[in-house]
Amino acid sequence: MGPGHRPRDGAGAIQLSPELPYGRLPEGCGADEAEWISWEGEVQEAVLWWWYGEMNPAVRVPRRATLLPGGATLTGRGLPAPAVRPPGRYLYEVDAAVVRAGLVAEVAEDVDGGVLDGAVPACVTSDEAYATPFATAFEIIEVLPYGPSGPGALLRDRGVGKLTVRQYGCAAEAAELSRAFAPSGTGAATVFLTRVAGEPTLLLVRPTGAPRTAAGVLAVEDPDQSV
């Protein structure tokens, strides 16, 4: 096969680092599609695809996120960046493959919501609960401005002995919170430590459909895609 030769039919692919976001794809690569693939919420690989001949789809899809093991796939619809808005009743933690593929606007449109901060795309909020395979939904119980001792009284009142912190865009604050948290019971709680209009903020949440009790030693989970 000589230089520059393209097969009549088929597909070609190059696997890239899963950490590569859509905005940093190699310039001039000429790929027909870029796909990010996650397994149970963690991005496993990014793939550039080239289609030839009969394999060439009628409609080009420049970006795709595929979520495994379920197999749900999301493609771009040419939407503008999602609106920035204050916290609503629900928080949607967008799958990392969707974030890497730059398809958060599609999820925000699907749940009639917006992002809490333009620099932290993984956190979408809405006033309504929607079922979507591309994000995990939580109900927001409390919204608190960040302070390492700020949530202390609230968590003590709820008898929280185990606190899980999901941080996006607030790595330093999460480390500070982990040092300041003092268990005060046997319950467990989950908070999102993220930015709301640029300001570090704590969102006390519960999974949608869970009992209205905030039951959380401190576990800091760092799925942050923007830091």
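Residues numbered from 1 in each chain as written. Predicted model: local features only at pLDDT ≥ 70, side-chain atom pairs only at ≥ 80, totals over all residues. Heavy atoms only, no water.

Moving on, we get to the overall build of the protein. Tallying secondary structure elements over the protein gives 4 helices and 13 strands in all. When the 227 residues of the protein are sorted by exposure, 44% land in the buried category. (Helix = DSSP H or I, 4+ residues; strand = E, 2+ residues; numbered from the N terminus. Buried < 20%, exposed > 50% of the residue type's maximum accessible area, 1.4 Å probe, protein only.)

Bringing the nonpolar core into the picture now. By size, the foremost hydrophobic cluster in this structure holds 42 residues, and its most contacted members are Trp 36, Leu 91, Val 94, Val 98, Val 124 and Phe 192. At 5 residues, the largest contribution of residues to this core is made by strand 3 (residues 42-52). Counting residues in each nonpolar core, the second largest holds 14 residues, with Val 160, Cys 170, Phe 181 and Leu 204 among its members. (Core = buried A, V, L, I, M, F, W, Y, C linked by side-chain atoms within 4.5 Å.)

If you roll a probe as big as a water molecule over the atoms, it shows you where there is empty space left. In this structure, the second largest pocket spans a volume of roughly 220 Å³. For the lining of the second largest pocket, the element with the highest residue contribution is helix 2 (residues 104-110), accounting for 3 residues. (1 Å grid on protein atoms, 1.4 Å probe; cavity = no way out; pocket = protein on both sides within 12 Å on 5 of 7 lines; lining within 4 Å. Points joined across faces, edges and corners; volume = space filled by probe spheres on them.)

This next bit is on the confidence of the model for the protein. Averaged over all residues, the pLDDT of the protein equals 83, while 80% of them reach at least 70. Segment residues 211-220: pLDDT under 50, and 34 contacts once partners within four positions in sequence are set aside and those in other chains are kept. (pLDDT = per-residue confidence, 0-100. Contact = heavy atoms within 4.5 Å.)

Enumeration according to the criterion identifies 4 aromatic pairs in this entry. A centroid spacing of 5.3 Å and a plane angle of 5° characterise the contact between Trp 49 and Trp 51, whose relative ring orientation is stacked. For the ring pair Phe 138 and Phe 192, a centre distance of 5.1 Å and an interplane angle of 65° mean the geometry is edge-to-face. Within this pair, whereas Phe 138 is found in strand 9 (residues 135-145), its partner Phe 192 is found in strand 11 (residues 187-196), the two being separated by 54 residues in sequence. Through a chain of ring-to-ring contacts, three or more aromatic side chains come together here, namely Phe 138, Tyr 168 and Phe 192. Positioned over the ring face of Tyr 22 is Arg 63, at 4.6 Å from the centre of the ring. (Phe/Tyr/Trp six-rings, centres within 6.5 Å; stacked < 30°, edge-to-face > 60°. Lys NZ or Arg CZ within 6 Å of the ring centre and 35° of its normal.)

All right, on to the pattern of salt bridges then. Inspection of the entire model under this criterion finds 9 salt bridges. Residue Arg 64 pairs with Glu 33 through a salt bridge whose shortest N-O separation is 2.9 Å. Taken together, the residues Arg 64 in strand 4 (residues 63-68) and Glu 33 in strand 2 (residues 33-39) connect sequence positions 31 residues apart. For Glu 173, the salt bridge identified is with Arg 195, shortest N-O distance 3.5 Å. Taken as a pair, Glu 173 in helix 4 (residues 171-180) and Arg 195 in strand 11 lie far apart in primary sequence, 22 residues in all. Members of the salt-bridge network, linked through shared partners, are Arg 77, Glu 109 and Asp 110. (Salt bridge = Lys/Arg side-chain N within 4 Å of Asp/Glu carboxyl O.)

Moving on: the sheet that holds strand 2. Strands belonging to one sheet form pairs held by backbone hydrogen bonds; the direction of such a pair is parallel or antiparallel. Spatially, 1-3-2-4-5 is the arrangement adopted by the 5 strands of the open sheet, whose pairing is mixed. Bordering the open sheet on either side are strand 1 (10-16) and strand 5 (72-75), each of which pairs with just one other strand. Ignoring which end each strand starts from, the neighbouring axes of this sheet average 25° apart. Bridge analysis of strand 2 against strand 3 gives 7 bridges, and the strand direction is antiparallel. Bridging from a neighbouring strand, Ala 34 pairs with Leu 48 of strand 3. (Pairing = 2+ DSSP bridges. Axes fitted to C-alpha atoms, helices over the stretch in contact; angles between N-to-C directions.)

Among the 9 residues in strand 12 (residues 199-207), 7 count as buried, and that is most of the element. Pairing geometry for strand 11 and strand 12, over 7 bridges, is antiparallel. For Val 196, the partnering residue across the bridge sits in strand 12 and is Glu 199. In sequence, strand 11 turns back onto strand 12 through a hairpin of 2 residues, with Ala 197 there showing a positive phi of about 55°.

Following the sequence through the fold, Glu 42 ends up in strand 3. Separated by 55 residues in sequence, Glu 42 and Ala 97 have C-alpha atoms that sit 7.3 Å apart.

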